[in-house]
Number of protein chains: 2
Amino acid sequence: MPHHAAVHQDLTSTAAAPCLPRKQQAWALTCLELADYVPLGGDELSRLMAIAQPMEIGGNRALFLSGEAADGAFLVITGAVRAFRLLPDGRRMITAFMFGGDFLGFAVGGRYEFAAEAITPARLCRFSRRHLNALLDDCPRLRNTLLHLATEELRLAQDHMVLLGCKSATEKLASFLLHLARRNARGGTQANPALVPLPMARSDIADHLGLTTETASRALTQLRAKGMIDLPTPRSVALLRPHELAMLAGGG
Amino acid sequence: MPHHAAVHQDLTSTAAAPCLPRKQQAWALTCLELADYVPLGGDELSRLMAIAQPMEIGGNRALFLSGEAADGAFLVITGAVRAFRLLPDGRRMITAFMFGGDFLGFAVGGRYEFAAEAITPARLCRFSRRHLNALLDDCPRLRNTLLHLATEELRLAQDHMVLLGCKSATEKLASFLLHLARRNARGGTQANPALVPLPMARSDIADHLGLTTETASRALTQLRAKGMIDLPTPRSVALLRPHELAMLAGGG
DNA sequence: CGATGGCTTGACATTCATCAATGTATGTGG
DNA sequence: CCACATACATTGATGAATGTCAAGCCATCG
């Protein structure tokens, strides 16, 4: 129970500049990713694209707040996003990091159950609740897609509960790095498959793993000392011995 | 990271005696609960009832194992069930407890992602994967219901991540007891709203909260010492000051 | 070049896990 | 019906992991 009250800067402005047409290259690419992820017919895909609103958002800006009316869902194109919950005293749990191809903010209830902030500047597509519901109502396959996504998210959540409840600090870091690496490999451009970018701060990692910044940092240092990883820069990791890391992570 | 390798008895036999017709009173009642939980038209409800297979299972018996082919989903009628994951070395995370009205085991993939065991003897309804999928295919509203259920489960999972990552031992216990109490109140018979049965063992509670048995027990003792709860028997709790408990639990 | 924010490292305090013993309830067989 | 056996729960003593406080380092950016 790290008790360190995440220091929140002025993230008040939920600003997000919609960038007009040109939903071309990257956008099509992202839909391909989504199509790759779950079976989506060409028809559903094009209808989805029709209601998508491309947008950009700066680093450390809020995408939406917890409890806010959920009037849209988002598909991340590029950049990184953190989804989190806060306790009244400021303790924070980052429930997930999102990257290109990840979908977030779909709420069946009227309100977001968590908050989301861009970590780096990010490009996204917004789907307004109205449009999405309308589309869902006459595209049963799309509803099926959402069910798949929700189920997959649930599986990830369970993985994370195991991590939070059962693992030691170094095990947590090992698991997290492997998870990031796998997610990164799926993202497409795997220049060096073992070199993984860490767009988020140590405090983000800590709040994701149920640790303090210091403990997260020490665990990384320890993994480096054991020769399992390298930290060429603070914001990137090289996984030198993925297999040993996986052992350490406890098969997770 | 409690490192205590849950001692597993012989839970090998996944035995489950199907009890024939008489899916009357309790069964209808449970469907009402489900109908109360999510909007379900009378048609969908009766078609669901048509494919339901009532069954019973003894205490501490496995309902299904992790990785097993997922050939059915279950609705708990009476009794308590634990859903959990194991690490190779035996560490266990109980991701959720299920009670009357809870639905579990629906997998879009072919395999269960977690294991489930009855805690107490339990009565359930089984829905075979084949039948359920067939029903889903021509009942779009039912698919919507499942999406609602998955979303709700996801919300609970996020709550639990906050608990596991952010809270102290006593805060965890306070949160857990309040959660149980609320769940119990919804169950129907609220004789004494403040007296909550604890069907699970201390080790189950510990493995759910990311603690050891001893710490869980001590935290309960501490709450009792503060006058917030009473333990008339080891398997039941009286919430004497729910409001103070909620304060302690951190608004969760 | 200096300032700022983030990362790392160190010393110390605290919580919680571990090891071990005792207490308590439940069921079984004499 | 009682004595015992067994599993579960509680309590105590101790140690290790990790949180807390504090200082220093490093990189980036103006």
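Conventions we followed
Residues numbered from 1 in each chain as written. Chains lettered and ligands numbered in written order. Predicted model: local features only at pLDDT ≥ 70, side-chain atom pairs only at ≥ 80, totals over all residues. Heavy atoms only, no water. Salt bridge = Lys/Arg side-chain N within 4 Å of Asp/Glu carboxyl O. Helix = DSSP H or I, 4+ residues; strand = E, 2+ residues; numbered from the N terminus. Buried < 20%, exposed > 50% of the residue type's maximum accessible area, 1.4 Å probe, protein only. Pairing = 2+ DSSP bridges. Axes fitted to C-alpha atoms, helices over the stretch in contact; angles between N-to-C directions. Least-squares fit on C-alpha atoms with pLDDT ≥ 70 in both. Contact = heavy atoms within 4.5 Å. Domains from an automatic or database assignment. Buried area = accessible area lost by both parts, 1.4 Å probe. Polar contact = N/O pair within 3.5 Å; in protein donor to acceptor, adjacent residues only side chain to side chain.

**Quick notes on the pattern of salt bridges**
Residue and element names in this part refer to chain A.
- In total, this model carries 30 salt bridges over all chains according to the counting rule given.
- Residue Arg126 is joined to Asp71 by a salt bridge in which the shortest nitrogen-to-oxygen separation is 3.7 Å. Of this pair, Arg126 sits in strand β9 (residues 122-128) while Asp71 sits in the loop between β3 (62-64) and β4 (72-78), and the two are 55 residues apart along the sequence.
- Judged by its relative accessible area of 43%, Asp71 falls in the partly exposed class.
- In this structure, Arg82 engages Asp204 in a salt bridge whose closest nitrogen and oxygen atoms are separated by 3.0 Å. Remark: Asp204 occurs in helix α6 (residues 202-209) and Arg82 occurs in strand β5 (residues 81-86); sequence separation between them is 122 residues.

**A short note on the sheet that holds strand β11 (residues 229-233) of chain B**
Residue and element names in this part refer to chain B.
- Here we have three strands laid out as an open sheet, ordered β10-β12-β11, and antiparallel in their pairing. What marks the edges here is a single partner per strand, and that holds for β10 (195-197) and β11. Neighbouring strand axes in the sheet, compared pairwise and without regard to direction, differ in orientation by 30 degrees on average.
- Pairing of β10 with strand β12 (residues 236-239) involves three bridges; the strand directions are antiparallel.

**Let's talk about the relation of the copies chain A and chain B**
- When chain A is fitted to chain B, the best match, at an RMSD of 0.0 Å, comes from turning it 180 degrees and sliding it 0.0 Å along the axis. These values place the two chain copies in the arrangement generated by a two-fold rotation axis.
- The overlap is high: 100% of the interface residues of chain A also sit at the interface in chain B, so the same surface is used on both sides.

**Re the domain arrangement of chain A**
Residues and elements named next belong to chain A.
- Looking at chain A, the domain boundaries give domain 1 (17-159) and domain 2 (167-249).
- In this assembly, 17 residues from domain 1 lie in contact with 14 residues from domain 2.
- Each partner contributes to the roughly 1200 Å² buried at the junction of domain 1 and domain 2, and carbon and sulfur atoms together form 56% of this total.
- Among the residues domain 1 hides against domain 2, the three largest losses belong to Arg92, Phe97 and Phe99. Together they make up 41% of the total.
- Note that Asp102 and Arg183 form a salt bridge whose closest N and O atoms lie 3.2 Å from each other.
- Taken together, domain 1 and domain 2 are joined by eight residue pairs in polar contact (both at pLDDT 80 or more).

**Notes on the sheet that holds strand β5 (residues 81-86) of chain B**
Residue and element names in this part refer to chain B.
- Read from one edge of the open sheet, four strands run β3-β8-β5-β6, paired in antiparallel fashion. A strand with exactly one partner marks an edge of an open sheet, and here the two such strands are β3 (62-64) and β6 (92-98). Going across the sheet, the axis of each strand differs from the next one's by a mean of 30 degrees, ignoring polarity.
- Summarising the sheet, β5 and strand β8 (residues 115-118) pair through four bridges and their orientation is antiparallel. The residue bridging Ala83 from the neighbouring strand is Ala116, located in β8.
- Relative to the sheet, helix α6 (residues 202-209) contacts β5 and β6, its axis offset from that of β6 by approximately 105 degrees.

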